[in-house]
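Read off the chains here:
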Amino acid sequence: MCRDPFGRNPQRSREIEAKVARVLSNLSLEEKAAQMIQAEFASITPQEAGKNGIGSILNGGGIFPNANKHADAGEWAEQAQAFRDATSEFSRHNVPILWGTDAVHGHSNVFGATIFPHNIGLGAARDPDLVERVLEATAREVYATGIDWTFAPTLAVVRDDRWGRSYEGYSEDPDIVESYASRAIWGLQGNPGSSSFMSDGRILATCKHFIGEGGTEGGRDQGDTLCTEYELLHVHAPGHLRGIEAGALVVMAAFNSWCGSKVHGSSYLLNGVLKQQLGFRGFVVSDWDGFLQLDEDPAKSCELAVNAGIDMLMVSSDWRGVLDYLIEAARGERISEDRIDEAVTRILRVKEHAGLLDRTEPGKRLSSLDCERLGSRRHRDLAREAVRKSLVLLKNANNLLPLQRNARIAITGDGAANIPKQCGGWSLTWQGHENTNEDFPQGETIYSSIENAVREVGGSIALVDSLRDSDEFDVGIVVFGEDPYAEGDGDLNHLSFSKESSEPLHLMREFKSRGIPVIAIFLTGRPRWTNPELNACDAFVVAWLPGTEGGGIADVLLRGPDGTIQHDFQGRLSFSWPRTPHQTRVNRGDPNYDPLFPYGFGLTYRDVNPTMPGLDETDSTSHPVRVRQERSTIYSHL
């Protein structure tokens, strides 16, 4: 059983429990049911939320105040203030409304926010302290816009790289996820029992998604995870256990099924394991309309989900209908009064521990002296550090890298000057592919960051589409990779990159045919089969999805102005790299484990780089770099 974060200050906990009991006793059935609703704010007005006593609102991906994609922090704060004011005006009991958002790699839904690397990059950085600092900066930017809750961190352990949400996971292995979970929670909320906990600039975190979402068959989003309970505990649960122990007040249920049964409807997992065995006393929120997958009848779906342990229902649009379903089910005793009271007690408990009524009002936060504004230099510098630490070097023939700044460089590829491609999904919009560079005014492309560095010392760089004048260049850089996607839209059938996009490979081969060495910079949300590209280049850098701060890549690829190495590669693979296009499920500790690059691989400038033989571009081949493969001890402390 996890330690109870709500009991770390016994006197305060007793006071809160007494207040929650008083408020609950005075709520009508209709008011209780309303507390269990989380409505998408585009579907509800502040006045409607206030009059109905709605417990929570959220902004889904691509939903903005006044439908304005470029709404600034002040407009977001005004919207939050309007909902708070309406709740105060109509509520008999002054129960505050709670706003949640998907701030999954920075406050990524908001124009002008700092966009940090996606979690897969942070996993490669192997730096729990960095994760805590990144999440703390994220919390400050979310708080500045008047919002008090994020649906983060994702604690999935990704077992099949075809999954479209792979980049939301830190690793294929529970070790990294477990080591990051508590630091991520502390970064967002502060440490329970200390003065930092839910202080100004901190927000509520969410352990998501409980449980097993990274293990679905075929890597299918919202699919079925077929594994034993032992594997569910020892592979998929460690991050959640550490997150709850660290003080997480909210858990989000997962879309997936476990052995044929939807988690949203699993009383065994939500009531039995999470609430009873683990002693979790916060509330469980559904994922986006996830409860509606339990039955063709939406009323029956609500009933099944709540009885299984869902305390708050996240509703995309029909919040009125869901509210009516809850009230009718309670009146018909299909959901018991005790179960309704339990759910609302949990929600009120979290609101009280978060101190929502005592916080600076949303509309006043931007002007407060201690409030960090969006996209501050300090936060962008932190994001740049995170980019540097996340880069993984897979190949560096003849020690091509690092480059001298006075080199003559040609840079090409559709990722060279493309901030949306650097950021990936969940970046201003849900899928991320609707954006342009103008949507990230403070961002820096990979091309512009290298250009600024080389021209300081007399080097040159040209952004080229073809190589007609290639004899003018000392080196070519091809920046390529996956186009933005999110969730199930990113699911794949295989991992071959060149089958999806052959143009980057043609560019590399064109450089080589002219005797120009080639650096490949790969932008990706997961490992991909890239043997043809590895053969065609001299150096291969995995940059993952670095976000807005392309300068972090230039920092590592280029020597300092005096010719010395200023930043070495630090990143190591937190996902095994596939040997074939169909080696989609290759994870440390598997029987017959045989990746191309193993978990933990990553070259540095200090390494004597082995000569890489030609890699088979259709099947598999041996690779000269091998590391001792070992599985961490099973979690005896669980």
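Structural data are supplied above this passage.
Residues numbered from 1 in each chain as written. Predicted model: local features only at pLDDT ≥ 70, side-chain atom pairs only at ≥ 80, totals over all residues. Heavy atoms only, no water.

(A) Here's a closer look at the overall build of the protein chain. A count of helices and strands for the protein chain gives 19 helices and 17 strands. In summary, the protein chain has a C-alpha radius of gyration of 25 Å against a globular reference of 26 Å for 638 residues, a match within 12%. Burial analysis of the protein chain (638 residues in total) assigns 64% to the buried set. Counting only carbon and sulfur atoms, one obtains 46% of the accessible surface of the protein chain, whose full area is about 22,100 Å². Computing the positive centroid from 64 side-chain charges and the negative centroid from 89, the protein chain places the two 4 Å apart. (Helix = DSSP H or I, 4+ residues; strand = E, 2+ residues; numbered from the N terminus. Rg over C-alpha atoms; globule rule 2.2 N^0.38 Å. Buried < 20%, exposed > 50% of the residue type's maximum accessible area, 1.4 Å probe, protein only. Areas by Shrake-Rupley, 256 points an atom, 1.4 Å probe, with all protein chains shown as cover. Lys, Arg positive; Asp, Glu negative; His and termini not counted. Charge placed at Lys NZ, Arg CZ, Asp CG, Glu CD.)

(B) Quick look at the packing of aromatic side chains. Applying the stated criterion across every chain, the model contains 17 aromatic pairs. Centre to centre, the rings of Phe83 and Trp99 are 6.2 Å apart; their planes meet at 75 degrees, and the pair counts as edge-to-face. Of this pair, Phe83 sits in helix 4 (residues 73-90) while Trp99 sits in strand 3 (residues 98-101), placing them 16 residues apart in sequence. Here the two residues Phe83 and Trp99 agree in accessibility, since each one is buried. (Phe/Tyr/Trp six-rings, centres within 6.5 Å; stacked < 30°, edge-to-face > 60°.)

(C) Inspection of the nonpolar core at higher detail. The biggest cluster of nonpolar side chains holds 125 residues, and the ones touching the most others in it are Trp149, Tyr170, Phe283 and Leu313. Grouped together as the second largest cluster of nonpolar side chains are 74 residues, Val104, Leu403, Val541 and Phe569 included. (Core = buried A, V, L, I, M, F, W, Y, C linked by side-chain atoms within 4.5 Å.)

(D) View of the pairing of strand 13 (residues 408-412). With four of its five residues buried, strand 13 lies for the most part within the structure. Judged from the four bridges that link them, strand 13 and strand 14 (residues 460-463) form a sheet pairing that is parallel. The residue bridging Ala410 from the neighbouring strand is Ala462, located in strand 14. In this structure, strand 13 lies alongside strand 15 (residues 475-481), joined through four bridges in parallel fashion. Within strand 15, the residue paired with Thr412 across the bridge is Val478. (Pairing = 2+ DSSP bridges.)

(E) Quick look at helix 1 (residues 10-26). Here helix 1 spans 25 Å end to end across 17 residues, near enough to the 24 Å set by a 1.5 Å rise per residue. Lining the buried residues of helix 1 we find helix 2 (29-35) and helix 13 (337-353). (Expected span 1.5 Å × (residues − 1). Contact = heavy atoms within 4.5 Å.)

(F) Region of the structure containing the packing of helix 8 (residues 229-236) against helix 9 (residues 238-245). Running from N to C, helix 8 and helix 9 point in directions that differ by 55 degrees, and their axes come no closer than 5 Å. Comparing their axes, helix 9 and helix 8 come out oblique. On helix 9, the residues touching Leu233, His234, Val235 and His236 of helix 8 are Pro238, His240 and Leu241. When its residues are assigned to classes, the contact of helix 8 with helix 9 shows four nonpolar, three polar and no charged. (Axes fitted to C-alpha atoms, helices over the stretch in contact; angles between N-to-C directions. Parallel < 35°, antiparallel > 145°, perpendicular 65-115°, else oblique. Nonpolar A, V, L, I, M, F, W, Y, C, P; charged D, E, K, R; others polar.)

(G) Just the pattern of salt bridges, in detail. Applying the stated rule across the entire model yields 50 salt bridges. Glu487 serves as the salt-bridge partner of Arg165, at 3.3 Å between the closest nitrogen and oxygen. Residue Arg165 is located in the loop between strand 4 (149-150) and helix 7 (174-189), and its partner Glu487 is located in the loop between strand 15 and helix 17 (503-513); the two are separated by 322 residues in the primary sequence. The pair formed by Arg165 and Glu487 is uniform in burial state, with each residue classed as buried. Here Arg384 ties to Glu444 by a salt bridge, and the two come within 3.9 Å at their closest N and O atoms. Of this pair, Arg384 sits in helix 14 (residues 377-390) while Glu444 sits in the loop between helix 15 (419-423) and helix 16 (446-455); the two residues are 60 residues apart in sequence, bridging distant segments of the chain. Taking the relative accessible area as the measure of exposure, Arg384 reaches 23% and is therefore partly exposed. Taken together, the shared-partner salt bridges in this structure form one network comprising Asp127, Asp129, Glu132, Arg133, Arg183, Glu385 and Lys389. (Salt bridge = Lys/Arg side-chain N within 4 Å of Asp/Glu carboxyl O.)

(H) Representation of helix 6 (residues 128-144) within the structure. In this model helix 6 runs 25 Å from its N-terminal to its C-terminal C-alpha over 17 residues, within 8% of the 24 Å that 1.5 Å per residue would give. Within helix 6, 13 of the 17 residues are buried, leaving the element largely enclosed by the surrounding structure. For helix 6, the side-chain oxygen to backbone nitrogen distance between the N-cap and Asp129 is 3.2 Å, and the N-cap itself is Asp127. Positive backbone phi, approximately 90 degrees, marks Gly146, located one or two places after helix 6. (Polar contact = N/O pair within 3.5 Å; in protein donor to acceptor, adjacent residues only side chain to side chain.)

(I) Region of interest: the sheet that holds strand 5 (residues 207-210). Read from one edge of the open sheet, three strands run 5-7-10, paired in parallel fashion. Two strands lie at the open edges of the sheet, namely strand 5 and strand 10 (283-285), each paired on one side alone. Strand after strand, the sheet turns through a mean of 30 degrees between neighbouring axes, direction not considered. Two strands pair when backbone bridges link them, and strand 7 (residues 250-253) and strand 10 are joined in this way by three bridges, in the parallel orientation. Bridging from a neighbouring strand, Met252 pairs with Val285 of strand 10. Strands in contact with helix 9 are strand 5 and strand 7; relative to strand 5, the strand with the most contacts, it is inclined by about 140 degrees.

(J) Just the side chain of Lys395, in detail. Tracing the sequence through the fold places Lys395 in strand 12 (residues 392-396). Asp538 provides the closest opposite charge to the buried, salt-bridge-free Lys395, at an N-O distance of 6.1 Å. Side-chain polar atoms of Lys395 contact the backbone oxygen of Leu534, separated by 2.6 Å. Engagement of the side chain of Lys395 in a polar contact is seen with the backbone oxygen of Cys537, the distance being 2.7 Å.

(K) A look at unusual backbone geometry. The omega angle of the peptide bond from Lys208 to His209 is -10 degrees, so this bond is cis rather than trans. The residue His209 is located in strand 5 in this model. The omega angle of the peptide bond from Phe210 to Ile211 is 10 degrees, so this bond is cis rather than trans. One can find Ile211 in the loop between strand 5 and strand 6 (224-225).

(L) A look at the sheet that holds strand 3. Pairing is parallel in the open sheet, where five strands are placed in the order 4-3-2-1-11. Each of the sheet's edge strands pairs with one partner strand only, and the pair in question is strand 4 and strand 11 (313-315). Relative to strand 4, strand 3 runs parallel, the two being bridged by two bridges. Bridging across to strand 4, Gly100 finds its partner in Trp149.

(M) A look at the packing of helix 6 against helix 7. The N-to-C vectors of helix 6 and helix 7 enclose an angle of 30 degrees; their axes lie 7 Å apart at closest approach. Between helix 6 and helix 7, the crossing angle belongs to the class labelled roughly parallel. With respect to the hand of their crossing, helix 6 and helix 7 are arranged in right-handed fashion. Contacts between helix 6 and helix 7 involve Pro128, Asp129, Val131, Glu132, Leu135, Glu136 and Ala139 from the former and Ser179, Tyr180, Arg183, Ala184, Trp186, Gly187 and Leu188 from the latter. Residues of the contact of helix 6 with helix 7, tallied by class, amount to eight nonpolar, two polar and four charged. (Left-handed = near helix turned anticlockwise from the far one by under 90°.)

Coordinates in, geometry out; function isn't part of it.
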